[in-house]
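Single-letter residue listing:
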Amino acid sequence: MQTSRSWRRLAPVLLALGVVVIIVLIILHKSANTTIYLAPSVANLQLDGKTIKPGGHYIVPGKHTLRATMTGFSDGTKSFVVPTKGATKVFLALSPNSVVGEQWYANHPDDNNLYQSIVQNEATSTSREQVTRLPLIKELPHVDNFYRVDYGKSLKNPNDPVATALYITVYSAAGKQQAIQWLTFKGYDPTLYEIVYIDKYSDGL
Amino acid sequence: MVTRCNWAVKARRGQAVALAFTALFAVGCLVTYARPAYAQLSQSQKDLFAEQIHYFNVEEDVCGSADAPSGTLSQNVPVAYRDLFTKAASAAKINPNYLAALFVTEHGNAWPNPAGPWATSPSGANGPFQFMPGTWDAYKTDGDGDGKTDVQNLADAAFSAAKLIVGNGGTSSTPLGNLTHPYTHTPLPFTYIAGAYNAGGGTMEQYTTPSSPVDAPGLSKETINYVKNVYYLVTTDFQHGNPSYGNALGTVIDNTGGAAGAPSPSGATTAGSCGVGAVQGSIVQTALNLAWDSSKPNQWRKADAKPSYQKTMPTVHGTDPPENYWSDCGRFVATVMRSSGVDKNYVLATTTSQRDYVKSHPELYDVMPASNTSQFAAGDILISSAHTYIYVGPQPDGSNSRSASWVGANEEFAGSPSSFVPSAYNANVAGDYIIARFKGGV
């Protein structure tokens, strides 16, 4: 009798407690706000040093770094920012640096598809960003009689894909000065840009 | 007598029959020669012809006459040069008189012996068209189809000069201009282009405006006289040029084209217009023809592609390709290489396989690592481990390449502005790009 009465008293309390726990769990549970795409999908992946798998995750808003490694491929890192609101997609593709890596992609077409699309889209973004940073690109190459102005890889920042250097090929003693004059005329301060000179005049060409 | 007459009649009949057969044979040969590749095309490719979509191949690109340049070359240009200049101008779709005017101006208003030798100026300009080394590097063209580009070769230099006129803004409808305001911009007259040929485009850009007189401050006397000379040559039908120049126009060195040791411009250019240079040209023209001339962010489906690409891509990659194929860079390059007829064995996909292909065919492709755009020539294919595009040279909209960017297998990039069907693109060499330059042999 005593037990039954006690139980009757405790039951609503336990029920209320259970509801509270469920509500707290619902509040605490956060759905995935970041989807990580990785090629190869089986590569070792670390988020801020902690091993994870590609796919959907809840990641605390802020700056983070992904790092992926796999034998046969160059290591890859990707820094990204998770905003406080909205979903984020992060793409990381490892380029093969050996026959082993190339063969792996050849044997895994889905991963290869993802790899190709990530790199193609990155290349396009890079191309657009380069033009935004240096609109002069849209007028290059500029070919003149004693010089020509081109653009290409930065030698100072070889690891920054967007970093661009101006390449000036000089064909006469006055070519360098004329090229600088042209850049200035176009509104670009030559001292603010990385310029690589290719001297074909001294070469006797 | 009678017998002889009968024999004569029979002989005449026999000659007539033989003549008729010969004529039929000749017509047949001409028809066969005119469309040698047509019979080899697939039905869908024939449909493209039927619909008059410009389906570029070697024959049609430069050997055809679909877009005849404006102007007929003056009869006062020596025979030795007429055929060459007409063909070089035709390939570039420019007025041949402009090419001839530049040439004879470079030689002080005298028609030199086509065999040369050609002087080198103190500033380093050399060859029949007096190219500066840098300009030659940028515009050199194989005009005689020998697989080489030689600044001292008359045919190579003429085709290259025609290309330079186009590079400086010349088109089939470029007007001559006048000497009151010779440096107007819309339309760009030949007087401006001639100034750029002499002094460089940068100089003209810096020191002239659309309202500048011929002797705009900043221009050298040499350039001013050069522009005047070209103007007078064309307006007087090559009777005389600027009085400050010499005038030996009447004393043609060899007006028969038969000088000992003289090159044969006619034969040379016929080969050139359909040779390696023309093949490179058809890569460019095909790429331009199949891709939009503006960027198309986030337009990646078949319906977004240029109609010519919608028609051509399936002829290479099979009917009804998957939707995301339309934005694939490798498949675009393969479509250009195969449909142009330049390399019908070009690997269909992927970029890694395409890179391996060009590397393993040194008889077809020169391959070199890419560092900057001064290494590029129009028609080059740029390939990294996962991206590829075609460099087409500077275009009016500021782009210099044509490419596509893949939406991906799972359409993960469908909402990305970085996915697009073949369209305008600016070259970048970030990463492990190589340059693959077709050198003929297919």
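Residues numbered from 1 in each chain as written. Chains lettered and ligands numbered in written order. Predicted model: local features only at pLDDT ≥ 70, side-chain atom pairs only at ≥ 80, totals over all residues.

A. Spatial organisation of the overall build of chain A. What chain A contains, in helices and strands, is 4 helices and 11 strands. Residues counted as buried form 33% of the 205 residues belonging to chain A. Intrachain contacts of chain A at a sequence separation of at least 6 include 53% that bridge at least 24 residues. (Helix = DSSP H or I, 4+ residues; strand = E, 2+ residues; numbered from the N terminus. Buried ≥ 20, exposed ≤ 12 C-beta atoms within 10 Å, placed from the backbone. Contact = placed C-beta atoms within 7 Å.)

B. A look at the overall build of chain B. Helix and strand counts for chain B stand at 15 helices and 6 strands. For chain B, buried positions account for 51% of its 442 residues. Across chain B, the fraction of contacts at a sequence separation of at least 24, relative to all contacts at a separation of at least 6, is 67%.

C. Region of the structure containing the interface of chain A and chain B. Counting residues at the interface gives 49 residues for chain A and 41 residues for chain B. At the level of elements, helix 2 (99-107), helix 3 (109-133), strand 8 (142-143), strand 9 (147-153), strand 10 (164-170) and helix 4 (175-185) of chain A are the ones that each hand at least two residues to the side of chain A that touches chain B. Ranked by residue count, the leading element in the side of chain A that touches chain B is helix 3 of chain A, at 17 residues. Across the side of chain A that touches chain B, the residue classes break down as 22 nonpolar, 18 polar and 9 charged. (Nonpolar A, V, L, I, M, F, W, Y, C, P; charged D, E, K, R; others polar.)

D. Molecular detail of the sheet that holds strand 2 (residues 44-47) of chain A. All names here are of chain A. Read across the sheet, 4 strands follow the order 3-2-5-6 without closing on themselves; strand pairing throughout is antiparallel. The two strands at the open ends of the sheet, each matched to only one other strand, are strand 3 (50-52) and strand 6 (76-82). Here the average twist between neighbouring strands, direction ignored, is 30 degrees. Here strand 2 pairs with strand 5 (residues 62-69) via 4 bridges, running antiparallel. Bridging from a neighbouring strand, leucine 45 pairs with alanine 68 of strand 5. (Pairing = 2+ DSSP bridges. Axes fitted to C-alpha atoms, helices over the stretch in contact; angles between N-to-C directions.)

E. How the structure looks around the sheet that holds strand 8 of chain A. Residue and element names in this part refer to chain A. Taken in spatial order, the 4 strands of this open sheet run 8-9-10-11, and their pairing is mixed. Of all the strands in the sheet, the pair left with one neighbour each is strand 8 and strand 11 (195-199). Where strand 8 and strand 9 come together, 2 bridges link them in antiparallel fashion. Bridged to histidine 142 within strand 9 is valine 149.

F. Local environment of helix 14 (residues 329-339) of chain B. Of all 11 residues making up helix 14 of chain B, 11 are buried, and the element is well covered by its neighbours. Residue B:Gly341 follows helix 14 of chain B closely and has a positive phi angle near 85 degrees.

G. How the structure looks around the nonpolar core. Residue and element names in this part refer to chain B. In terms of nonpolar packing, the biggest core is built from 72 residues, with Ala88, Leu99, Ala158 and Ala162 touching the most fellow members. It is helix 7 (residues 154-167) that contributes the most residues to this core, 9 residues altogether. Not counting chain neighbours up to four residues away, the residues in contact with alanine 162 comprise Ala88, Ala89, Ala91, Ala92, Ile94 and Leu99. Of all hydrophobic cores here, the second largest spans 49 residues; its members include Ala291, Val342, Tyr346 and Phe413. (Core = buried A, V, L, I, M, F, W, Y, C linked by C-beta atoms within 7 Å.)

H. Fine view of unusual backbone geometry. Cis rather than trans, the peptide bond between A:Ala39 and A:Pro40 has omega equal to -5 degrees. With respect to the element layout, A:Pro40 can be found in the loop between strand 1 (34-39) and strand 2. Residue B:Thr350 is bonded to the preceding B:Ala349 through a cis peptide linkage, with omega at -5 degrees. Of note, B:Thr350 is situated in the loop between helix 14 and helix 15 (351-359). Residues other than glycine seldom take positive phi values, yet A:Asp48 does so here, at roughly 50 degrees. Structurally, A:Asp48 can be placed in the loop between strand 2 and strand 3.

I. Expanded view of the confidence of the model for chain B. Residues and elements named next belong to chain B. Summing up the model confidence of chain B, the mean pLDDT is 76 and the portion of residues at 70 or higher is 73%. Ranking the elements of chain B by mean pLDDT puts helix 11 (residues 265-273) last with 28 and strand 2 (residues 381-383) first with 96. Here residues 1-12 scores under 50 on pLDDT; set against residues more than four positions off or in separate chains, the count is 0 contacts. Considering only residues more than four positions removed or in separate chains, one finds that residues 21-69, a stretch of pLDDT under 50, has 53 contacts. Interface scoring of the predicted complex returns ipTM 0.75; its pTM is 0.65. (pLDDT = per-residue confidence, 0-100.)

J. Molecular detail of the pairing of strand 5 of chain A. All names here are of chain A. One ladder, built from 7 bridges, connects strand 5 with strand 6; its direction is antiparallel. Paired with alanine 68 across the strands is glycine 76, a residue of strand 6. Hairpin connection between strand 5 and strand 6: a loop of 6 residues separates the two successive antiparallel strands, and glycine 72 in this loop has a positive phi of roughly 95 degrees.

K. Molecular detail of the environment of B:His240. One can find B:His240 in the loop between helix 10 (221-235) and helix 11. Taking the C-alpha atoms as reference, B:His240 lies 8.4 Å from B:Asn229; in sequence the two are 11 residues apart.

L. Looking closely at the packing of helix 13 (residues 307-317) of chain B against helix 14 of chain B. Residue and element names in this part refer to chain B. Running from amino to carboxyl end, helix 13 crosses helix 14 at an angle of 85 degrees, the nearest separation of the two axes being 9 Å. When the axis of helix 13 is compared with that of helix 14, the two are roughly perpendicular. Counted together, Thr312, Met313, Thr315, Val316 and His317 of helix 13 and Arg331, Ala334, Thr335, Arg338 and Ser339 of helix 14 form the full contact between these two elements. Looking at side-chain class alone, the contact of helix 13 with helix 14 contains 3 nonpolar, 5 polar and 2 charged residues. (Parallel < 35°, antiparallel > 145°, perpendicular 65-115°, else oblique.)

M. Inspection of the confidence of the model for chain A at higher detail. In the predicted model, chain A carries a mean pLDDT of 88, and the fraction of residues at 70 or more is 94%. The least confident element of chain A is helix 1 (residues 2-28) of chain A, whose mean pLDDT is 77; the most confident is strand 2 of chain A, at 97.

N. How the structure looks around the environment of B:Pro210. Residue and element names in this part refer to chain B. Inspection of the secondary structure puts proline 210 in the loop between helix 9 (201-207) and helix 10. Taking C-alpha positions, proline 210 is 5.2 Å from tyrosine 183, a pair spaced 27 residues apart along the chain. When residues no more than four places from it in sequence are discounted, the contact partners of proline 210 are His181, Tyr183, Thr184 and His185.

O. Geometry of helix 10 of chain B. Residues and elements named next belong to chain B. If you check helix 10, its first and last C-alpha atoms are 21 Å apart, about what 15 residues at 1.5 Å a residue would give, namely 21 Å. The element helix 10 is largely enclosed, with a buried count of 11 among its 15 residues. By the burial criterion, the buried members of helix 10 are Thr223, Ile224, Tyr226, Val227, Lys228, Asn229, Val230, Tyr231, Tyr232, Leu233 and Val234. Here the buried face of helix 10 lies against helix 5 (96-106) and helix 8 (190-199). Backbone geometry just after helix 10 places aspartate 237 at a positive phi near 55 degrees. (Expected span 1.5 Å × (residues − 1).)

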